[in-house]
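Spelled out, the chains give:
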Amino acid sequence: MGRPTVFPTGTTIYDPEKCQSGYTLFTGPNKGVLLINMNGKAVRYWKDFQGFPCKMIPGGHLFGHLGERDPEAAYQDQTDLTEVDWDGNVEWTFNRNQEVDDGDGGKQWVARTHHDYQIEGNPVGYHVPGQESTNDFNKVLLLTHNDVRKPKISPQLLLDDRLIEIDREGNIQWEWSTLDHLNDFNFTEAQKNVIYRDPNTQDAGAEGEGDLFHVNCASYLGPNHWYDEGDERFNPNNIIMDSREANMLWILDHETGDIVWKIGPDYTASRELRILGAIIGPHHTHMIPRGLPGEGNILVYDNGGWAGYDQPSQVSKTGLKTQRRDGSRVIELDPVTLKVVWECRDTNETVGFPFSAHNFYSPLTSDAQRLENGNTLICEGTTGRIMEMTPEKELVWEYVYPDVGPALLYRAYRIPYEWIPQLDAPEEVAIPRCDNAQFRLPGAEATGYDEAEVSVEGTTGFHANSAHCVDKLN
């Protein structure tokens with residue numbers, strides 16, 4: 001993940017002719033929610049409003065959070081889910097999920113939401129033609145936390161990933177617990193043993209919290225051709241999720257609570273899975289909605305990095321974080337055949353260099369959004385880079401967040417111009433790709449090869465196809 005000390009930030013590449021132009025929405029770490037235009041200018045900034053993630057619906061209505069519980073008291077808990085208007089006025093809020101006592105913070109009602117939520121009318125939380133949330137929504141799906149004790153799983157206090165559906169008044173209409181379905185995930189005895197000893201325990205609260213799954217997404221499948229063709233697993237009301245720590249993707253049946261489709265954690269279980277390869281630490285797994293290119297396929301940011309439970313080994317002496325890969329990929333796969341339909345990864349020269357996986361690598365956070373023109377918006381969270389890629393994997397827009405520092409971006413969404421009636425569509429100014437070989441800061445001199453050249457007798461020159469220590473990336 002190395003990069004130069006000095007590098008350009010803001011929008012660095014922009015081809016208006018090939019982009020699905022609009023605004024881009026994301027949370028600036030330690031700042032608030034930002035809405036930027038294609039040339040990188042902030043057109044709106046909701047100071048101190050948080051987004052884990054932030055989302056927007058037509059009319060410039062923004063969803064996010066007023067605050068986060070003290071990290072010493074709870075792990076990644078947002079206090080609420082709140083809707084504000086263009087001017088920051090609160091229009092709707094939910095926090096009455098659980099009453100907690102955070103010591104010095106006292107007792108308070110909190111939502112304990114984290115990582116994802118969906119507003120009625122849209123299955124995935126980004127622009128889908130004909131599937132738009134409206135301001136009179138009456139149902140919200142939230143991914144929340146719940147502290148539970150299950151001694152058969154581990155003596156450690158466990159942090160359960162609990163889904164709830166609420167109505168507009170905040171009444172819980174439906175719920176589902178990940179830990180209640182642990183046996184459905186087919187962990188091996190070796191994996192269960194590792195989890196028993198250390199279920200990914202986080203240093204939060206009085207005794208720590210075992211974040212066994214670390215689920216980071218939950219969305220409805222929405223209307224899709226698989227269900228229309230008779231495959232009940234893909235009922236539009238069913239919910240797709242993933243586990244960063246256990247390297248799994250799954251779909252749960254909303255009606256029965258059963259897991260009806262699953263990938264991982266064993267990627268050697270079939271020929272199809274071996275060809276697909278291990279998905280490590282995934283984020284933002286979702287079904288591409290009807291009305292967008294690739295509809296019905298699964299899109300996932302396969303982070304790489306480190307995750308998984310298994311036998312202790314030379315890689316992991318404890319059996320935690322046993323799967324590792326220093327490179328990310330965004331994959332679009334057919335959920336029936338598991339065949340990869342489209343992939344953006346480290347070997348794409350438009351992203352980085354063929355032998356430098358770390359040039360496209362975010363071991364944490366990140367997401368991918370399918371756009372209406374077939375392009376894909378990709379947020380490479382730990383580098384603060386947001387990219388738009390064509391189906392041919394041409395990089396046509398790139399933005400680098402100026403203030404990344406030790407923080408990171410969670411997700412980014414492309415917002416249509418027409419969703420923001422408060423603004424006139426901005427002027428779009430092309431930014432051609434810079435020739436890095438010629439780019440110099442003021443005061444830096446040109447390379448001057450010609451002036452400095454000397455010849456060495458007997459040299460034979462370089463071979464264009466010289467071998468490398470690693471011939472290809474798998």
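Residues numbered from 1 in each chain as written. Predicted model: local features only at pLDDT ≥ 70, side-chain atom pairs only at ≥ 80, totals over all residues. Heavy atoms only, no water.

> In this structure, what is going on with the confidence of the model for the protein? I would like to understand it.
Close inspection of predicted coordinates is inappropriate in any region flagged by low pLDDT. Predicted confidence across the protein gives a mean pLDDT of 93, with 94% of residues reaching 70 or more. Taken together, the stretch residues 348–357 has pLDDT below 50 and engages in 29 contacts with residues farther than four places along the chain or on a different chain. (pLDDT = per-residue confidence, 0-100. Contact = heavy atoms within 4.5 Å.)

> Would you mind going over the sheet that holds strand β28 (residues 376–380) with me for this structure?
Hydrogen bonds between backbone groups are what pair the strands of a sheet, and the pairing can be parallel or antiparallel. Judged by pairing direction, the sheet is antiparallel, and its five strands sit side by side in the order β1-β30-β29-β28-β27 without closing on themselves. The open sheet terminates on both sides in strands that have one partner only, identified here as β1 (10–14) and β27 (367–370). Across the sheet, the axes of successive neighbouring strands diverge by a mean angle of 10°, strand direction being ignored. Of the pairings in the sheet, the one linking β28 to strand β29 (residues 385–389) comprises five bridges and is antiparallel in character. By the bridge assignment, L377 is partnered in β29 with E388. (Pairing = 2+ DSSP bridges. Helix = DSSP H or I, 4+ residues; strand = E, 2+ residues; numbered from the N terminus. Axes fitted to C-alpha atoms, helices over the stretch in contact; angles between N-to-C directions.)

> Any chance you could explain the environment of A269 here in plain terms?
Of note, A269 is situated in the loop between β20 (259–263) and α3 (271–276). Residues A269 and F137, spaced 132 residues apart in sequence, show a C-alpha to C-alpha distance of 42 Å.

> Whenever I open this one, the side chain of D116 confuses me. Can you help?
With respect to the helices, strands and loops of the structure, D116 is situated in strand β11 (residues 113–119). Exposure remark for D116: the relative accessible area of 2% places this residue in the buried category. In contact with D116, not counting residues within four places along its chain, are F52, P53, K55, L142, L143, N216, C217, A218 and R411. (Buried < 20%, exposed > 50% of the residue type's maximum accessible area, 1.4 Å probe, protein only.)

> Quick question: what am I supposed to make of the pairing of strand β31 (residues 412–415) here?
The side chains of a regular strand alternate between both faces of the sheet. Across the two faces of β31 the burial is the same, with A412 and R414 and Y413 and I415 all buried. Pairing between strand β2 (residues 23–28) and β31: four bridges, direction antiparallel. Following the sheet pairing, Y23 is matched in β31 by I415.

> Help me understand the sheet that holds strand β6 (residues 61–65), please; the structure alone is not making it clear to me.
An order of β5-β6-β7-β8 is seen for the four strands of this open sheet, with the pairing classed as antiparallel. The open sheet has two free edges, formed respectively by β5 (50–57) and β8 (90–94), since each of these has just one partner strand. The sheet shows a mean angle of 20° between the axes of neighbouring strands, direction not considered. Relative to β8, strand β7 (residues 81–84) runs antiparallel, the two sharing four bridges.

> Where do I start with a negative patch on the surface in this structure?
A surface patch of like charges, here negative, comprises E68, D70, E72, D104 and D203. In this fold, D104 is placed in the loop between β9 (98–101) and β10 (107–110). (Patch = residues over 30% accessible without salt bridge, like charges linked within 9 Å, V, L, I, M, F, W, Y side chains within 5 Å. Areas by Shrake-Rupley, 256 points an atom, 1.4 Å probe, with all protein chains shown as cover. Salt bridge = Lys/Arg side-chain N within 4 Å of Asp/Glu carboxyl O. Lys, Arg positive; Asp, Glu negative; His and termini not counted. Charge placed at Lys NZ, Arg CZ, Asp CG, Glu CD.)

> Would you mind showing me how to read the pattern of salt bridges here?
Proximity of charged atoms lets side chains of opposite charge pair with each other. Under the criterion given, the structure shown has 28 salt bridges. Measuring nitrogen to oxygen at the nearest pair gives 2.5 Å for the salt bridge that ties R149 to E207. Within this pair, whereas R149 is found in strand β12 (residues 139–150), its partner E207 is found in the loop between β15 (201–202) and β16 (209–210), the two being separated by 58 residues in sequence. E207 sits in the partly exposed class, given a relative accessible area of 43%.

> Is there a simple way to explain a nonpolar patch on the surface in this structure?
Taken together, the side chains of V6, F439 and L441 make up a nonpolar region of the molecular surface, amounting to roughly 280 Å² of accessible area. By secondary structure assignment, the location of F439 is in the loop between β31 and α4 (449–452). Given the relative accessible area of 42%, F439 is considered partly exposed.

> What should I look at first to understand unusual backbone geometry in this one?
What you tend to see is this: most non-glycine residues have negative phi, and most peptide bonds are trans. Residue P53 is bonded to the preceding F52 through a cis peptide linkage, with omega at 0°. Looking at the secondary structure, you find P53 in strand β5. The peptide bond linking G264 to P265 adopts the cis configuration, its omega dihedral lying at 0°. Note on placement: P265 falls in the loop between β20 and α3. Of note, R112 is a non-glycine position whose phi angle comes to about 60°, a positive value.

> Sorry if this is basic, but what is going on with the environment of A412 here?
If you trace the backbone, A412 turns up in strand β31. A412 sits 359 residues away from P53 along the chain, and the two C-alpha atoms are 8.4 Å apart. Those residues within four positions of A412 in sequence are excluded, and the remaining contacts are T24, L25, F26, D367, Q369, L377, C379 and I386.

> Sorry if this is basic, but what is going on with the side chain of H283 here?
Mapping H283 onto the fold places it in strand β21 (residues 283–287). A polar side-chain atom of H283 sits 2.9 Å from a polar atom in the side chain of N303. A polar side-chain atom of H283 sits 3.4 Å from the main-chain carbonyl oxygen of T365. With residues up to four places along the chain from it excluded, the contact list for H283 reads N216, D242, R244, V300, Y301, N303, L364, T365, S366 and Y410. (Polar contact = N/O pair within 3.5 Å; in protein donor to acceptor, adjacent residues only side chain to side chain.)

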